[in-house]
Amino acid sequence: MTNDLTGYGGTWPDIRWPNGARLAVSVVVNFEEGAEMQVGYGDPASERMGEVISVVEPGRRDRGQEQIFAYGMRAGLWRMLDALDRHRLPATFFLCGQAVERSPALAAEVVRRGHEPALHGWRWRPHADYASRKDEARDLDRSLAVIEAACGTRPAGFFCRGAESDWTRGLLRERGFAYASNAFDDDLPYWDREDGAPLLVLPYALDTNDMKFFHPNGFVRSGEMVEYVSDALDVLLAEADQGRPRLINIGYHLRICGRPARFPAFEQVLARLAALGDRVYVARRDAIARAFAAACPP
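Residues numbered from 1 in each chain as written. Predicted model: local features only at pLDDT ≥ 70, side-chain atom pairs only at ≥ 80, totals over all residues. Heavy atoms only, no water.

### Quick word on the side chain of Ser54
Consideration 1: Residue placement: Ser54 occurs in the loop between β1 (23-31) and α1 (63-87).
Consideration 2: Here the side chain of Ser54 touches Asp62 through a polar contact of 2.5 Å, side chain to side chain.
Consideration 3: Once residues within four sequence positions are removed from consideration, Ser54 is found in contact with Glu47, Arg48, Asp62 and Gln65. (Helix = DSSP H or I, 4+ residues; strand = E, 2+ residues; numbered from the N terminus. Polar contact = N/O pair within 3.5 Å; in protein donor to acceptor, adjacent residues only side chain to side chain. Contact = heavy atoms within 4.5 Å.)

### Quick look at the layout of surface pockets
Consideration 1: Put simply, the largest pocket is a space of about 670 Å³.
Consideration 2: Lining the largest pocket are 29 residues, and of these Asp4, Arg169, Ala183, Asp185 and Tyr190 sit closest to its centre.
Consideration 3: Here the element with the most residues in the lining of the largest pocket is strand β6 (residues 190-192); it accounts for 3 residues.
Consideration 4: Of the residues in the lining of the largest pocket, the class split is 13 nonpolar, 8 polar and 8 charged.
Consideration 5: Approximately 260 Å³ is the volume found for the second largest pocket.
Consideration 6: In terms of lining residues, the second largest pocket is bounded by 15 residues, among which Trp124, Arg161, Gly162, Leu206 and Met211 are the most central.
Consideration 7: A per-class count over the lining of the second largest pocket returns 7 nonpolar, 6 polar and 2 charged. (1 Å grid on protein atoms, 1.4 Å probe; cavity = no way out; pocket = protein on both sides within 12 Å on 5 of 7 lines; lining within 4 Å. Points joined across faces, edges and corners; volume = space filled by probe spheres on them. Nonpolar A, V, L, I, M, F, W, Y, C, P; charged D, E, K, R; others polar.)

### Re the packing of α1 against helix α3 (residues 104-112)
Between two packed helices, the angle of one axis relative to the other and the distance separating the axes together describe the packing.
Consideration 1: The geometry of α1 relative to α3 is characterised by a closest axis approach of 12 Å and an angle of 5° between their N-to-C directions. Put simply, α1 runs roughly parallel to α3. Of the residues in α3, those in contact with Met73, Leu77, Trp78 and Leu81 of α1 are Leu106, Glu109 and Val110.
Consideration 2: Taken together, the residues that form the contact of α1 with α3 break down as 6 nonpolar, no polar and 1 charged. (Axes fitted to C-alpha atoms, helices over the stretch in contact; angles between N-to-C directions. Parallel < 35°, antiparallel > 145°, perpendicular 65-115°, else oblique.)

### Section: the pairing of strand β8 (residues 246-253)
Two faces make up the sheet, and in a regular strand the side chains alternate between them.
Consideration 1: Counting buried residues in β8 gives 8 out of 8 residues, a clear majority hidden from the surface.
Consideration 2: Neither face of β8 is exposed, since Arg246, Ile248, Ile250 and Tyr252 on one face and Leu247, Asn249, Gly251 and His253 on the opposite face are all buried. (Buried < 20%, exposed > 50% of the residue type's maximum accessible area, 1.4 Å probe, protein only.)

By themselves, these observations are geometric and do not establish any function.
Now the structure itself:
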């Protein structure tokens, strides 16, 4: 896969989203707690990134880190699901297969409330780490089986932590995925025409993302993320008003913005989106993918 530095070249397709808006908004909630690396799960070391950097030696169980992740499922999920209900907004949940295997009833509740189940890999790990196509294919297949069994529907989209492998998009094509999201290079979906049938790419974003609460150069107070996302919305809305179609991605994690002190970064952004009405098209990623494919077929 080559790194395309040109993209649309400053000439974007003249499209509107299904409600007539020029700006589509994808709210993503990551459902990965229980799929992170933990010695308690049999891994050689535990995930280091959390509320604090883990100081437990590799090979020893870090029960504190396990509990930090567990908070997302035990408490954060319900707070965030209820907020989505209050504002009547749909989201896409990036589901790790092992997280769903450990908490199938919680994954089922996500879908019952009308949100999209997208695949986030078997573990919360980069797919670039896979040493073979066969190993990656095995984990994709068991993730699909676990999610379909728990949620009653098969994921149409994919995003893994970090980066894909050289084989990922070929494997997604073979399994009939509607879109891939491991891309950070555009404000609009586009078609990947390399290595076989066209595959729709819905770019994601790591700046309008609450992982920056866990980064030393990121957000500290909830209002900082609200302001940051609002600035992004203002810029893209202005471009949309000039006739340029756009997509913004806003990402959250159950264990991060599910915490009370950071929860306003979720609640207040949802309130802003709801207040914008038909100026924006807030939709699940599968709906955005379908709308783009219909307007700009490959």
